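So you can see what is in the structure, the chains are spelled out below.
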Amino acid sequence: MTELERLQQAAQCVRERLTLAPKLALVLGSGMSEVLKDLEKVQRLAWEQIPHFPQATVTGHAGEWVFGLLEQTPILLSRGRVHHYEGYSMAQIAFPIRLMKLLGVERVILTNAAGGINKAYRVGDFVLIRDHINTIPDNPLRGENISELGPRFPNLLDAYSARWRAHAKEIAQELGLELHEGVYIATPGPMYETPAEIEAYRRWGADVVGMSTVPEVIAARHCGLEVLAISLVTNLAAGLGSDKLTHEEVLETTKRRERELARLLEELVKKSKK
Ligand code: HPA
């Protein structure tokens, strides 16, 4: 069976179970999946129920897709995501994004927790991703191209939609929320970086660092989805802040900024109708 056939089978199964057909999807980062709880007409689909969907690894937690209406806008909310460091293949990481495309999704918002490299950033700040640098040593487009989804050599020129970013900045301003704009560097993880790596990345022009998002963005752009991505600076990157740098710190900051993130995402969803 080809990857496209697997995707088609999964799409068929999801369609049979759902009444909503969202055009907008949200993939939320570590500890952020609680932010949009107030959906109406909710339908849930555990990942295990979807054929060929990446299943939890030994260490990972199984996730779910939640479909619902947020202020009358149908959305697909992915609770949980899969990472390269957990051992998933790039095809597995791309699978949910490609499945969204087959289900009629046109636009996707991705959020993540990230370390702040730019010295003007503070813990708790939000950063709209303007562009990325990828150091993860694989990508979802390697191998035979799925030409039904997109071209062999896609470009990443407007990977993070300039139009949507401009809109997001207006919304943040209306909410009185500071929103930086910067470059995200993706590292394979799972270890945090060394101070020397962070200094090198800063000189390359990176503003925030994290272990996710980029493979999904590559898959999304290949199949023509419009992308918006937001980082929450959960900690200062290695060598720039305190000497602890733990996952607990990351989760603590997320918890503290969760309400503000929810406000921003809600407004983005409400005003995202084309
Ligand atoms: N580095 C990489 N990934 C991260 C960090 C970091 O400092 N913080 C949250 N995710």
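Residues numbered from 1 in each chain as written. Predicted model: local features only at pLDDT ≥ 70, side-chain atom pairs only at ≥ 80, totals over all residues. Heavy atoms only, no water.

K.L.:
Please provide a residue-by-residue account of empty space enclosed by the protein, values included.
P.N.:
Across all of its chains, the model carries two cavities of 30 Å³ or more by this definition. The volume enclosed by the largest cavity comes to roughly 80 Å³. Counting residues per element, the lining of the largest cavity draws most heavily on helix α2 (residues 90–102), at four residues. Taken as a whole, the second largest cavity holds about 40 Å³ of empty space. Lining the second largest cavity are Arg81, Val82, His83, His84, Ile93, Ile136, Met211, Ser212, Thr213, Pro215 and Glu216. Tallied by class, the residues present in the lining of the second largest cavity amount to five nonpolar, four polar and two charged. (1 Å grid on protein atoms, 1.4 Å probe; cavity = no way out; pocket = protein on both sides within 12 Å on 5 of 7 lines; lining within 4 Å. Points joined across faces, edges and corners; volume = space filled by probe spheres on them. Helix = DSSP H or I, 4+ residues; strand = E, 2+ residues; numbered from the N terminus. Nonpolar A, V, L, I, M, F, W, Y, C, P; charged D, E, K, R; others polar.)

K.L.:
Break down the pattern of salt bridges for me, citing the residues and quoting the values.
P.N.:
Applying the stated criterion to the full structure yields 16 salt bridges. In this structure, glutamate 3 and arginine 6 form a salt bridge, with 2.9 Å as the shortest nitrogen-oxygen distance. With glutamate 3 and arginine 6 both in helix α1 (residues 3–17), this residue pair falls three residues apart, about one helical turn. Among the ionic pairs, lysine 270 bridges to glutamate 267, the shortest N-O distance being 2.9 Å. Within this pair, lysine 270 and its partner glutamate 267 are both found in helix α6 (residues 247–270), separated by three residues, close to a single helical turn. Linked through salt bridges whose partners overlap, the residues forming this network are Glu71, Glu174, Glu267, Lys270 and Lys271. (Salt bridge = Lys/Arg side-chain N within 4 Å of Asp/Glu carboxyl O.)

K.L.:
I'd like a rundown of the site of the ligand, residues and numbers included.
P.N.:
Surrounding the ligand, one finds Ala113, Ala114, Gly115, Tyr192, Glu193, Val209, Gly210, Met211, Thr234, Asn235 and Val250. At a separation of 3.3 Å, a nitrogen atom of the ligand approaches a polar backbone atom of alanine 113. Within the complex, the protein chains bury 95% of what would otherwise be the 260 Å² of accessible surface of the ligand. Those elements that place two or more of their residues in the shell around the ligand are β5 (107–116), β8 (208–210) and β9 (226–236). With three residues, the top contributor of residues to the shell around the ligand is β5. The class makeup of the residues in the shell around the ligand is six nonpolar, four polar and one charged. (Near = heavy atom within 4 Å. Polar contact = N/O pair within 3.5 Å; in protein donor to acceptor, adjacent residues only side chain to side chain. Areas by Shrake-Rupley, 256 points an atom, 1.4 Å probe, with all protein chains shown as cover.)

K.L.:
How would you explain the nonpolar core if you had to name every residue and give the values?
P.N.:
Formed by 53 residues in total, the largest nonpolar core has its most connected members in Trp65, Leu99, Met100 and Val108. Ranked by the residues each element gives to this core, the list is headed by α2, at seven residues. (Core = buried A, V, L, I, M, F, W, Y, C linked by side-chain atoms within 4.5 Å. Buried < 20%, exposed > 50% of the residue type's maximum accessible area, 1.4 Å probe, protein only.)

K.L.:
For the packing of α2 against helix α5 (residues 214–222), give the residues involved together with the corresponding values.
P.N.:
Orientation of α2 relative to α5, taken along the N-to-C sense of each, is 55 degrees, at an axis distance of 9 Å. On the basis of their axis angle, the class for α2 and α5 is oblique. Once α2 is placed against α5, the crossing between them reads as right-handed. Counted together, Met90, Ile93, Ala94, Ile97 and Arg98 of α2 and Pro215, Glu216, Ala219, Ala220 and His222 of α5 form the full contact between these two elements. Per-class residue counts for the contact of α2 with α5 are seven nonpolar, one polar and two charged. (Axes fitted to C-alpha atoms, helices over the stretch in contact; angles between N-to-C directions. Parallel < 35°, antiparallel > 145°, perpendicular 65-115°, else oblique. Left-handed = near helix turned anticlockwise from the far one by under 90°. Contact = heavy atoms within 4.5 Å.)

K.L.:
Which residues make up the pairing of strand β7 (residues 179–186), and what values do they have?
P.N.:
Most of β7 sits inside the fold, with seven of its eight residues counted as buried. Both β7 and β8 contribute to a ladder of three bridges, which runs parallel. From the neighbouring strand, isoleucine 185 faces β8, where its bridge partner is valine 209. Regarding the hand of the β-α-β motif, the stretch spanning β7, helix α4 (residues 195–204) and β8 is right-handed. (Pairing = 2+ DSSP bridges. Right-handed = clockwise from strand over helix to strand, strands pointing away.)

K.L.:
Requested: an account of α6, with residues and values cited.
P.N.:
Helix length check: α6 (24 residues) gives 32 Å between terminal C-alpha atoms against 34 Å at 1.5 Å per residue, within 8%. Of all the bends in α6, the largest measures some 55 degrees and sits at arginine 257. Of all the positions in α6, only Glu249, Val250, Thr253, Thr254, Glu258, Leu261, Ala262, Leu264, Leu265, Glu267, Leu268 and Val269 are classed as buried. (Expected span 1.5 Å × (residues − 1). Bend = angle between axes of the 7 residues up to and from the residue.)

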